[in-house]
Amino acid sequence: MENEEQKQPISKSPDVPDVPDVKGIIKKGLEIYDKIKEKIEPAENGKYVVIETESEKYFIGNTRDEATGKAKDEFPDKVLFIKRIGQIEKISRHVALDHPNYAGLF
Amino acid sequence: MLGYFDQKDGNPKIVISIKGTRRISKQIPALFDTGHTGSLSLPIIDLVEIGAKLSGIGQVTLADGNTKPQLYFSVKVMIDNIEKEVEAALIENPEAKEAIAGLELFAPYLAIIDFNNKILRFVKSKDEKTK
């Protein structure tokens, strides 16, 4: 039988800030976007929506920078979810040239 | 405000100054890409050197239909002696040396491109001048 006194105490993890959960933020962001979609599409198509995923608050701007600026006024330290309204986002072809999945589209 | 045509690759570029959470600012060449949605994409090396802070996460769609996360970082950009805060997209390729500047970065300006003489200039639009 194991001697209780010989058990090693479980060490407490140090308090460190959480690393942003990239997949979690995207998943939650898309879920919230689906909830608000009917309110903002198609009237705001082409603009950007920035979502704070914990409070589910969202901010709309004509540009990504504008929408993020509005969100950061209220949530300066949060990592936000950013999406273009009504459209998919593609990456610049100059960035894409390095990406294997782009396979010479351009 | 003058840009230039790079003699090495013939592409139109402009030198911009960027700053993150560290006090140092860094001057880098940025390719002027009219097909770039958004204001700025930066190589990972530059983002790390200036201590840029992660501000947002998005999702981009690739040509094959797959999606991947896109990270955005808060960066202060100095153009024409005017500082503005932008959300710079990360260029993941560690060998990338050049920033990519999109239309949003130059929104108040008119871009004049003389392809014959290889001149790139940005001038303030009439609306901005009268403000």
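A quick note: this is a predicted structure, and the numbers were derived from the prediction, not measured.

Analysis parameters
- Residues numbered from 1 in each chain as written.
- Chains lettered and ligands numbered in written order.
- Predicted model: local features only at pLDDT ≥ 70, side-chain atom pairs only at ≥ 80, totals over all residues.
- Heavy atoms only, no water.
- Salt bridge = Lys/Arg side-chain N within 4 Å of Asp/Glu carboxyl O.
- Helix = DSSP H or I, 4+ residues; strand = E, 2+ residues; numbered from the N terminus.
- Buried < 20%, exposed > 50% of the residue type's maximum accessible area, 1.4 Å probe, protein only.
- Contact = heavy atoms within 4.5 Å.
- Phe/Tyr/Trp six-rings, centres within 6.5 Å; stacked < 30°, edge-to-face > 60°.
- pLDDT = per-residue confidence, 0-100.
- Core = buried A, V, L, I, M, F, W, Y, C linked by side-chain atoms within 4.5 Å.
- Polar contact = N/O pair within 3.5 Å; in protein donor to acceptor, adjacent residues only side chain to side chain.

**Student:** Would you mind going over the pattern of salt bridges with me for this structure?
**Tutor:** Once the charged atoms of two side chains with opposite charge are near each other, the side chains can pair. Per the counting criterion, the structure on display carries 17 salt bridges over all chains. Between K35(A) and E56(A) there is a salt bridge; the shortest N-O distance is 3.2 Å. Here K35(A), found in helix α1 (residues 22-40), pairs with E56(A), found in the loop between β1 (48-52) and β2 (57-61); they are 21 residues apart in sequence, far enough to count as distant. The class for K35(A) is exposed, based on a relative accessible area of 57%. Look at E56(A) and you get partly exposed, because its relative accessible area is 28%. Residues K47(A) and E44(A) are paired through a salt bridge, measuring 2.8 Å at the closest nitrogen-oxygen approach. Looking at K47(A), the relative accessible area reads 27%, which means it is partly exposed. Assessed through its relative accessible area of 22%, E44(A) is described here as partly exposed. Salt bridges here are not isolated pairs; linked through shared partners, they connect D6(B), D9(B), K13(B) and E98(B).

**Student:** Looking at this structure, I do not really get the environment of K70(A). What am I missing?
**Tutor:** Residue and element names in this part refer to chain A. Tracing the backbone through its elements, the reader meets K70 in helix α2 (residues 64-74). Of the residues examined, K70 reaches a relative accessible area of 37% and is grouped as partly exposed. Through-space distance from the C-alpha of K70 to that of Y48 is 11 Å; in sequence the pair is 22 residues apart. Among all residues touching K70, those that are not within four sequence positions of it are F59, I60 and G61.

**Student:** So what exactly am I meant to see when it comes to the packing of aromatic side chains here?
**Tutor:** Aromatic ring pairs are reported here in terms of the distance separating the ring centres and the angle at which the planes meet. Summed over the entire model, instances satisfying the criterion amount to five aromatic pairs over all chains. Here the aromatic rings of F59(A) and F75(A) are separated by 6.2 Å at their centres, their planes lie at 75°, and the arrangement is edge-to-face. One end of the pair, F59(A), is in strand β2; the other, F75(A), is in the loop between α2 and β3 (80-84), with 16 residues separating them in the sequence. As far as the burial class goes, F59(A) and F75(A) line up, both buried. Ring geometry for F106(B) against F122(B): centres 4.4 Å apart, planes inclined by 15°, an arrangement best described as stacked. Highlighted residues: F106(B) in the loop between β8 (99-101) and β9 (109-114) and F122(B) in strand β10 (residues 119-124), separated in sequence by 16 residues. Classification of F106(B) as buried rests on a relative accessible area of 4%. Grouped by ring-pair contacts, the aromatic residues F32(B), F106(B) and F122(B) constitute a single cluster.

**Student:** Whenever I open this one, the confidence of the model for chain B confuses me. Can you help?
**Tutor:** Reading fine detail from the predicted coordinates is not recommended where pLDDT is low. Per-residue pLDDT for chain B has a mean of 88; in total, 95% of the residues score no lower than 70. Here the predicted complex scores 0.83 on pTM and 0.84 on ipTM.

**Student:** Looking at this structure, how should I read the nonpolar core?
**Tutor:** Burial of nonpolar side chains together is a common tendency in soluble globular proteins. I16(B), I18(B), L40(B), L42(B), V75(B) and V77(B) are the most contacted members of the largest nonpolar core, which has 26 residues in total. Sorting the residues of this core by element identifies β2 (12-19), β3 (25-32), β4 (40-43), α1 (44-50), β6 (67-79), β7 (82-91), β8 and β10 of chain B as the ones contributing at least two each. A total of four residues in this core trace back to one element, the largest contributor, which is β6(B). The contact partners of L42(B), leaving out residues within four places of it in the chain, are I18(B), I28(B), L47(B), V75(B), A88(B), A89(B), L90(B), I91(B) and A99(B). Ranked by size, the runner-up nonpolar core spans 13 residues in total, among them I40(A), V49(A), I51(A) and F81(A).

**Student:** Help me understand the side chain of S74(B) in this model?
**Tutor:** If you trace the backbone, S74(B) turns up in strand β6. The buried category is assigned to S74(B), whose relative accessible area is 14%. Side chain to side chain, S74(B) and K72(A) meet in a polar contact 2.4 Å long. Discounting chain neighbours no more than four positions away, the residues touching S74(B) are K72(A), A52(B), K53(B), S55(B), E85(B), V86(B) and E87(B).

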